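# What the coordinates show
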Amino acid sequence: MIIQIKYFVEDLIPVEKITKGDWIDLRAAEDVELKAGEHRLIRLGVGMILPEGFEAHTAPRSSTFRNFGIIQTNSIGVIDQSYCGEEDEWKLPVLAMRDTVIHKNDRICQFRIMEKQPDFEFEVVEHLKSESRGGFGSTGKQ
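These lines cover the structure that appears in this document, whether it is placed above or below. Every value quoted in this text rests on a predicted model; they were computed, and no experiment measured them.

Our focus in this paragraph is the overall build of the protein chain. For the protein chain, the helix and strand inventory stands at 1 helix and 11 strands. Reading the helices (α) and strands (β) of the protein chain from amino to carboxyl end gives β-β-β-β-β-β-α-β-β-β-β-β. Its C-alpha radius of gyration of 19 Å places the protein chain more than 25% over the 14 Å reference for a compact globule of 142 residues. Summarising its shape, the C-alpha atoms of the protein chain cover approximately 55 × 40 × 30 Å along the three principal directions. Long-range contacts, defined here as pairs at least 24 residues apart, represent 76% of the contacts in the protein chain between residues at least 6 apart. As presented, the protein chain carries roughly 10,400 Å² of accessible surface, and 50% of it is formed by carbon and sulfur atoms.

Taken in spatial order, the 3 strands make up an open sheet running β4-β9-β7, and their pairing is antiparallel. In this open sheet, the two edge strands, each paired with only one partner strand, are β4 (39-43) and β7 (70-72). This sheet shows a mean twist of 40 degrees between the axes of neighbouring strands, independent of strand direction.

The full count for this structure, using the stated rule, is 2 aromatic pairs. With centroids separated by 5.2 Å and ring planes inclined at 85 degrees, the aromatic side chains of Phe120 and Phe122 adopt a geometry described as edge-to-face. Judged by its relative accessible area of 47%, Phe120 is partly exposed.

Here we take up the environment of Asp99. Structurally, the position occupied by Asp99 is in the loop between β9 (91-96) and β10 (100-102). Sequence separation between Asp99 and Leu34 is 65 residues; the distance between their C-alpha atoms is 5.7 Å. Not counting residues within four places of it along the chain, the set of residues in contact with Asp99 comprises Leu34, Lys35 and Ala36. For Asp99, the side chain forms a polar contact with the main-chain nitrogen of Ala36, separated by 2.8 Å.

As a further point, take the pattern of salt bridges. Inspection of every chain in the model, using the stated rule, returns 7 salt bridges. Note that Glu86 and Lys6 form a salt bridge whose closest N and O atoms lie 2.6 Å from each other. Taken together, the positions of Glu86 in the loop between β8 (77-79) and β9 and Lys6 in strand β1 (residues 4-7) put the pair 80 residues apart, joining distant regions of the chain. For the salt bridge of Glu33 with Lys35, the shortest nitrogen-to-oxygen distance reads 3.7 Å. Among the residues examined, Glu33 registers a relative accessible area of 53% and is labelled exposed. Lys35 sits in the partly exposed class, given a relative accessible area of 42%. Ionic contacts of the salt-bridge type, sharing partners, join the residues Asp25, Arg61 and Arg107 into one network.

Reading guide: rules and limits
- Residues numbered from 1 in each chain as written.
- Predicted model: local features only at pLDDT ≥ 70, side-chain atom pairs only at ≥ 80, totals over all residues.
- Heavy atoms only, no water.
- Helix = DSSP H or I, 4+ residues; strand = E, 2+ residues; numbered from the N terminus.
- Rg over C-alpha atoms; globule rule 2.2 N^0.38 Å.
- Contact = heavy atoms within 4.5 Å.
- Areas by Shrake-Rupley, 256 points an atom, 1.4 Å probe, with all protein chains shown as cover.
- Pairing = 2+ DSSP bridges.
- Axes fitted to C-alpha atoms, helices over the stretch in contact; angles between N-to-C directions.
- Phe/Tyr/Trp six-rings, centres within 6.5 Å; stacked < 30°, edge-to-face > 60°.
- Buried < 20%, exposed > 50% of the residue type's maximum accessible area, 1.4 Å probe, protein only.
- Polar contact = N/O pair within 3.5 Å; in protein donor to acceptor, adjacent residues only side chain to side chain.
- Salt bridge = Lys/Arg side-chain N within 4 Å of Asp/Glu carboxyl O.

What follows is the structure in structure tokens.
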């Protein structure tokens, strides 16, 4: 499988697959200074043409909050195959929980390529014929 990638900024460290883990790091494509409570779309400096039947999921790295005090505002991002034009640069929507500075080329999030959901149809039924678990939160705390 080949994924075409375009870089929107110069001097961005290239995206590369890593040998450990399945997610691929993405970097800030700009210097960003945020005050606590501010939100922003941080440029990631890349765009890609994903293969037919695939999409990309983005999420913060495990150290993103500790290092930068930001959270991704939509929890996880989904970049579908149609987002692949000349102006379709990937970005990370963030909310700063504390004053922070992010520098160009800091690793701030990660992505992986996933197969799209298969086609299906819903069938309305009167009853679900499976044993109930007891409702939301029914498995307990421990």
